[in-house]
Protein chains: 2
Amino acid sequence: MNQSKEMKTITLKEIANQLELSVTTVSKALKAYPDVSKKTRDRVKTLAEKLNYVPNSFAVSLRMQKSKTIGVIVPETVHYFFSKVIDSILKEAEKNNYVVILMQSKEDYELEKKQIDLLLNKGVDGILISLSNKTSNLDHLKKIQALGIPLVLFDKIAKTINCSKVKIDDRKSAYEAVTYLIKKGHKRIAHFRGGLNPQNSIDRFLGYKKALLDNDINFDSSLVYLCDNDSDFDDGFKNAKKLIQDHGNNVDALFTMNDLLAIGALNYLNSVNINVPEDIALIGFSNWFMSSVVTPTLSSIEQNGYEIGEKSAQILFHEIDCKFKGIITKPQQIIVDTELIIRNSS
Amino acid sequence: MNQSKEMKTITLKEIANQLELSVTTVSKALKAYPDVSKKTRDRVKTLAEKLNYVPNSFAVSLRMQKSKTIGVIVPETVHYFFSKVIDSILKEAEKNNYVVILMQSKEDYELEKKQIDLLLNKGVDGILISLSNKTSNLDHLKKIQALGIPLVLFDKIAKTINCSKVKIDDRKSAYEAVTYLIKKGHKRIAHFRGGLNPQNSIDRFLGYKKALLDNDINFDSSLVYLCDNDSDFDDGFKNAKKLIQDHGNNVDALFTMNDLLAIGALNYLNSVNINVPEDIALIGFSNWFMSSVVTPTLSSIEQNGYEIGEKSAQILFHEIDCKFKGIITKPQQIIVDTELIIRNSS
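Computed from a prediction, not measured in an experiment: that's the story for all the values here. (Residues numbered from 1 in each chain as written. Chains lettered and ligands numbered in written order. Predicted model: local features only at pLDDT ≥ 70, side-chain atom pairs only at ≥ 80, totals over all residues.)

What follows concerns the sheet that holds strand β9 (residues 281-283) of chain B. Residue and element names in this part refer to chain B. Judged by pairing direction, the sheet is parallel, and its four strands sit side by side in the order β7-β6-β8-β9 without closing on themselves. Here the strands that pair on one side only, and so sit at the sheet edges, are β7 (224-226) and β9. Adjacent strand axes in the sheet meet at a mean angle of 15°, parallel and antiparallel pairs treated alike. With four bridges joining them, strand β6 (residues 189-193) and strand β8 (residues 253-256) adopt parallel strand pairing. Each bridged residue has a counterpart across the sheet, and for F192 the counterpart in β8 is T256. Packing of helix α9 (residues 199-214) onto the sheet brings it into contact with β6 and β8, and relative to β6 it is tilted by some 170°. (Pairing = 2+ DSSP bridges. Helix = DSSP H or I, 4+ residues; strand = E, 2+ residues; numbered from the N terminus. Axes fitted to C-alpha atoms, helices over the stretch in contact; angles between N-to-C directions. Contact = placed C-beta atoms within 7 Å.)

Laid out in structure tokens, this is it:
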């Protein structure tokens, strides 16, 4: 091990000296980092081959640079959807002989930034992240890319960064759920939306709105309730109370941004003897396990957390593998299918 | 960085040569590993001081040996209790500037063994583990200790290994729940127990049994149902069906090993119009979030996953800190309090 390391160090220096480049540039060129020009990369590779830096010591040096560790950042671990994502990421990592450093941003942008720095300091080979609801500045993600570290966003992505992404079609899924309610004869359909920032919250709202408009139902903004960044059980309970105060029985259905909001709302409606689905039909989003055991059972959209984690990890490991082989990859965008699960609440 | 590394390497060798010891032994002695005798440790430290290996380069070398990484193994990540444990471990790690490599054993002993090896290869500074239900041979844990790596067991512990442990008093908690049912007038109390191997499953069963005996109620083994290693919703549903087939209405209460079993049982009882709590009172264990939103709401025992994770991590970081300072610590056993939460099911 030590000997290979020394051989590598000497040879890198030799290449650097002969080409009048820095050792860093040579090292980056051999690893096909995007911030080294193709011309420089080619010069380095040609000389590396000439000096017998390939095939063996080259392979060894590349192998030695791998930390066999990836970093994963999710907003929350106490969260059914993300726990399924983590489950499948861990499984894929194991298959690839990788370990996973797990972090949670707690929906805190500053913490997310700090965590990225920590992961970069640890020398991880790649990073998987689902962004916090408060993330809008993406410099910390651009930093990962500038270092040539593969990056895959999942679920809570940002549109304006050019990397691989794995998500569902939030707009289409919401559209289907609301269309189902309309087909069942509902016209006064309320929506509990998530915060203003997260893309999935925006897209679910837009899907809701489009379903109304496509079916000639007036969009009434007073039926849309903005939930705070947690969008949890208490939020659902509180907003259901407001909804009934505001609209009495002039509302016949409710579509929520997630299942926790729906179950909070259900709890309030049950507590004041408003019948679900007879008085108000209800559909959630994400299909948490508990949705199948509440009374009445909750209709929801299966978000396939398991598949989202699996696909994200597979793409990341592919990109890591290509990088260490010097192959440049193009970002992929994967849309994972969802499924509307109809239970007793609608 | 590189310079300090080299200084350290040379000095370690010098000490080793002068004392006719291996570099490994010297390194271990400086880190106060228990497998190096006190005599050798003292000889090494004396010479290290003489050669000016202290205070600065010593501190640097110690600092450099830290990976600032701990390993955490849980049986499952898609699990409300463990997700709370992970939440608080991550928080403690962050406070201590540590990162966490997370693994799940999936209740598989061979996998757990392999994961320990992986963590040791990664050079983690300490390991937190909740054992798989199938773990009875503890050689893999002894290996961690032989290497002088701090180890803390939590929740699913093994009695026969001498390390720090954080858990609840399962026997006492179960005893309290069953005593509550008895005080409410129930006499034919069934129990859905977990597998035969896990200590917490054994202890909850023993607490159940003792409560009966202390209250002069005959222990009837036909009222105890053995659940398989998953002890999940389906298991609860299936065993509730069996319970009613076996005992008809000659059973008036049920205490289960966990909430998923209780909610599975509740689902079966609801489906055949057996009223909870009127016909059969029900108490679960662990107080999963969903227990507060099912109908009727489920009585349970709050297991304080958050506190268990927090205490375990605090002890581990304390032991790591002591180790790197050359202070030998004694294993601690912490019992975290539980609380019987009475809701509508009992």
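Turning our attention to unusual backbone geometry. The omega angle of the peptide bond from T295 of chain A to P296 of chain A is -10°, so this bond is cis rather than trans. Along the chain, P296 of chain A turns up in the loop between β9 (281-283) and β10 (300-302). In this chain, V276 of chain B is followed by P277 of chain B through a cis amide linkage whose omega measures 10°. Tracing the backbone through its elements, the reader meets P277 of chain B in the loop between α11 (259-271) and β9. In this structure, S286 of chain A takes a positive phi of about 120° despite not being glycine. Among the structural elements, S286 of chain A can be located in the loop between β9 and β10. Residue classification places S286 of chain A among the buried residues on the basis of 24 C-beta atoms within 10 Å. At E20 of chain B, a position not held by glycine, the phi torsion is positive, near 55°. Within the secondary structure, E20 of chain B sits in the loop between α1 (2-19) and α2 (23-30). (Buried ≥ 20, exposed ≤ 12 C-beta atoms within 10 Å, placed from the backbone.)

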